[in-house]
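The primary structure of each chain is shown beneath.
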Amino acid sequence: MKVLVTGGCGYIGSHTVCELLYANHEVVILDDFSNSKKDVLQKIETLTGQKPRFYEGKVQDKALLKEIFESQKIEAVIHFAGYKAVGESVEKPLMYYENNLESTLHLLEIMQEFSCKNFVFSSSATVYGSPKSLPIKEDFPLSTTNPYGTTKLMIEQILKDLSKSDPTWNITILRYFNPIGNEKTGLLGENPQGIPNNLMPYIVRVANGILPCLSVFGDDYGTPDGTGVRDYIHVVDLAKGHVKALEHFSGLRIYNLGTGHGYSVLDLVKTFEKVNGVKVPYKIVERRKGDIAACYADPTKAQQELGWTAEETLEDMCRDSYQYIIQEAKREKSLK
Ligand code: WQD
């Protein structure tokens, strides 16, 4: 299929573009580089030997969307583009609602105009809020505690209403748990600007001496070692889940993309140290506002209906993450 990937130069988007190309799909990328770098395009070409058609711009730009759909016979869309920092969304809610909702509405309107009704949406386990029990199934109650998560929930509602109004739409909502790691060569990876909010990007920077010490946000949760538990999933497994979603369209479907295993902060630190032979100094500090104790998926539905199962282990995720930061440091040094 010829697939438009919005946010295709981002962390998850670029890994998904590669997996789509490996699976012989044709890819068109739309990205505004607000949270990604231009050099990702070259990295995709190096990895896959292919140069997807690229458009620079914002998904809100309906004229640009029209130009893409008029010149490319787009058969499906995977929509990653959107702001995704929880903390920033609390400080700047209007920016998040405008960007994430308007871009999606404009995209869906143009798709409808060009009779392209195959849509995969990048959602998040954050829509489950603080789950009453574990593992989490797709029919669990939904609630959010920050504007970022609420934009995901609102877009899911928009998609449900669209599907009700026109059942000829094929819409697959993918709820990601905690994506980490990167493809095996260390060329593509997660490279947030500034001080990372998320755990793994922080750990790799402490291990590489860029940051002095990891702050563990609380060790008094009701979990085995008191630190937060999450379902870490290798980003390549996540990317492969999108290819499966594209190949199994069937009306409106919702899937958890997780491993089904919960690991604590200290599990991740200890595994990272073991597989990479490094030390990650840490200190226990107070809980981070808005954090939940534990969250991990029941991935059965995706296994049964998409034929998809996460295969990479926590060791793989830790090894690949460290490889990326080492290679990236070498690349940056060679550019100086
Ligand atoms: C994981 C665990 C922290 C950093 C967020 C978003 C979610 C999704 C993934 C977009 C928690 C602990 C973290 C640190 C720490 N993003 N931690 N020290 O919060 O589960 O999910 O990212 O879709 O929507 O909410 O991920 O990596 O920030 O935290 O102790 O420096 O690590 O308390 O237990 P989170 P995270």
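Note that the coordinates shown come from a computational prediction; the quantities given were computed from them, not determined experimentally.

Trainee: Lay out helix α9 (residues 265-276) in plain terms, naming residues and giving numbers.
Mentor: For α9, which comprises 12 residues, the first-to-last C-alpha distance of 17 Å matches the rise-based estimate of 16 Å (1.5 Å per residue) to within 8%. Inspection of α9 places Val265, Leu266, Leu268, Val269, Thr271, Phe272, Glu273 and Asn276 among the buried residues, and these make up the whole buried set.

Trainee: Before we move on, could you go through the sheet that holds strand β14 (residues 294-295) and cite the residues and values that matter?
Mentor: Working definition: the strands of a sheet are paired by backbone hydrogen bonds and lie parallel or antiparallel to each other. One open sheet accounts for three strands, arranged β12-β9-β14; its pairing is mixed. Only two strands of the sheet have a single partner each, and these edge strands are β12 (263-264) and β14. When strand β9 (residues 229-230) meets β14, the two strands line up parallel, connected through two bridges. Its bridge partner lying in β14, arginine 230 is registered against cysteine 295.

Trainee: With reference to specific residues and values, describe the site of the ligand.
Mentor: Within the structure, the ligand sits among 18 residues, and Tyr148, Leu199, Ser215, Arg230 and Asp291 are positioned closest to it. Contact distances for the ligand include 3.0 Å between an oxygen atom and a side-chain N or O atom of asparagine 178. Between an oxygen atom of the ligand and a side-chain N or O atom of arginine 230, the distance comes to 2.6 Å. Burial of the ligand by the surrounding chains reaches 88%, relative to a free accessible area of 680 Å². Broken down by element, the residue count for the shell around the ligand peaks at four residues, all from strand β8 (residues 214-217). Looking at the shell around the ligand residue by residue, the class counts come to eight nonpolar, seven polar and three charged.

Trainee: Describe the packing of aromatic side chains, naming the residues involved and giving the relevant values.
Mentor: What characterises a pair of aromatic rings is the spacing of the ring centres plus the angle enclosed by the ring planes. Following the criterion strictly, the structure yields five aromatic pairs and no others. For the cation-ring pair, arginine 53 lies above tyrosine 55, with the distance from its terminal atom to the ring centre recorded as 4.2 Å. Taking NZ or CZ as reference, lysine 301 lies 4.8 Å from the ring centre of tyrosine 255, over its face.

Trainee: Quick rundown of the side chain of threonine 104? Include the residues and the values.
Mentor: With respect to the helices and strands, the residue threonine 104 is situated in helix α5 (residues 93-113). A relative accessible area of 1% means that threonine 104 is categorised as buried. Apart from the residues within four sequence positions on either side, threonine 104 is in contact with His79 and Ile155.

Trainee: Give a detailed account of the pairing of strand β4 (residues 76-79), specifying residues and quantitative values.
Mentor: Here β4 shows two buried faces, one formed by Ala76 and Ile78 and the other by Val77 and His79. Judged from the four bridges that link them, strand β1 (residues 2-6) and β4 form a sheet pairing that is parallel. Looking across to β4, one finds that valine 3 is bridged to alanine 76. As judged from the three bridges shared by β4 and strand β5 (residues 118-124), these two strands associate in the parallel manner. Bridge pairing links isoleucine 78 to valine 120 in β5.

Trainee: Describe the nonpolar core, with residues and values.
Mentor: Membership of the largest hydrophobic core comes to 36 residues, with the highest contact counts inside it found for Leu20 and Leu246. Once residues lying within four places of it in the same chain are set aside, the contact partners of leucine 20 are Val3, Val5, His25, Val27, Ile78, Val243 and Leu246. In this structure, Leu30, Leu65, Phe69 and Ile171 belong to the second largest nonpolar core, which totals 26 residues.

Trainee: With reference to specific residues and values, describe the sheet that holds β4.
Mentor: Overall, parallel pairing links the seven strands, which are arranged β3-β2-β1-β4-β5-β6-β11 in an open sheet. Looking along the sheet, the strands with just one partner apiece sit at the ends: β3 (53-56) and β11 (252-257). Going from strand to strand, the sheet's axes swing by 15° on average, the running direction of each strand aside. Note that strand β6 (residues 170-176) and β11 share six bridges and pair parallel. When the sheet's bridge partners are listed, arginine 175 is paired in β11 with asparagine 256. Together, β1, β2 (26-31), β3 and β4 form the strand contacts of helix α3 (residues 62-71), whose direction differs from that of β3 by roughly 165°. Across the face of the sheet, α5 comes into contact with β1, β4 and β5 while running at roughly 175° to β4.

Trainee: Before we move on, could you go through helix α1 (residues 11-22) and cite the residues and values that matter?
Mentor: Between its first and last C-alpha, α1 extends 17 Å over 12 residues, near the 16 Å set by a 1.5 Å rise per residue. Most of α1 is tucked away: 11 of the 12 residues are buried. Positive backbone phi, at 65°, marks asparagine 24, one or two positions downstream of α1.

Trainee: Can you explain the state of the cysteines? Please cite residues and give values.
Mentor: Under the definition given, this model contains zero disulfides. Take cysteine 116: it sits in no disulfide, and the sulfur closest to it among the cysteines is that of cysteine 9, at 20 Å. Cysteine 295 takes part in no disulfide bond, and the closest cysteine sulfur, belonging to cysteine 318, lies 18 Å away.

Trainee: Lay out the pairing of β8 in plain terms, naming residues and giving numbers.
Mentor: Residues Leu214 and Val216 of β8 are buried on one face, while the alternating residues Ser215 and Phe217, pointing to the opposite face, are not. Strand direction decides the pairing type here: β8 and strand β13 (residues 282-285), joined by four bridges, are parallel. Within β13, the position partnered with phenylalanine 217 by the bridge is valine 285.

Trainee: Tell me about the pattern of salt bridges, and name the residues and values.
Mentor: Within this structure, the stated rule accounts for 21 salt bridges. Among the ionic pairs, lysine 43 bridges to aspartate 39, the shortest N-O distance being 3.8 Å. Taken together, the positions of lysine 43 and aspartate 39, both in helix α2 (residues 39-48) and four residues apart, correspond to about one turn of that helix. For lysine 43, a relative accessible area of 10% translates into the label buried. Taken together, the shared-partner salt bridges in this structure form one network comprising Asp39, Lys43, Glu328 and Arg331.

Rules and cut-offs
- Residues numbered from 1 in each chain as written.
- Predicted model: local features only at pLDDT ≥ 70, side-chain atom pairs only at ≥ 80, totals over all residues.
- Heavy atoms only, no water.
- Helix = DSSP H or I, 4+ residues; strand = E, 2+ residues; numbered from the N terminus.
- Expected span 1.5 Å × (residues − 1).
- Buried < 20%, exposed > 50% of the residue type's maximum accessible area, 1.4 Å probe, protein only.
- Pairing = 2+ DSSP bridges.
- Near = heavy atom within 4 Å.
- Polar contact = N/O pair within 3.5 Å; in protein donor to acceptor, adjacent residues only side chain to side chain.
- Areas by Shrake-Rupley, 256 points an atom, 1.4 Å probe, with all protein chains shown as cover.
- Nonpolar A, V, L, I, M, F, W, Y, C, P; charged D, E, K, R; others polar.
- Phe/Tyr/Trp six-rings, centres within 6.5 Å; stacked < 30°, edge-to-face > 60°.
- Lys NZ or Arg CZ within 6 Å of the ring centre and 35° of its normal.
- Contact = heavy atoms within 4.5 Å.
- Core = buried A, V, L, I, M, F, W, Y, C linked by side-chain atoms within 4.5 Å.
- Axes fitted to C-alpha atoms, helices over the stretch in contact; angles between N-to-C directions.
- Disulfide = S-S within 2.5 Å.
- Salt bridge = Lys/Arg side-chain N within 4 Å of Asp/Glu carboxyl O.

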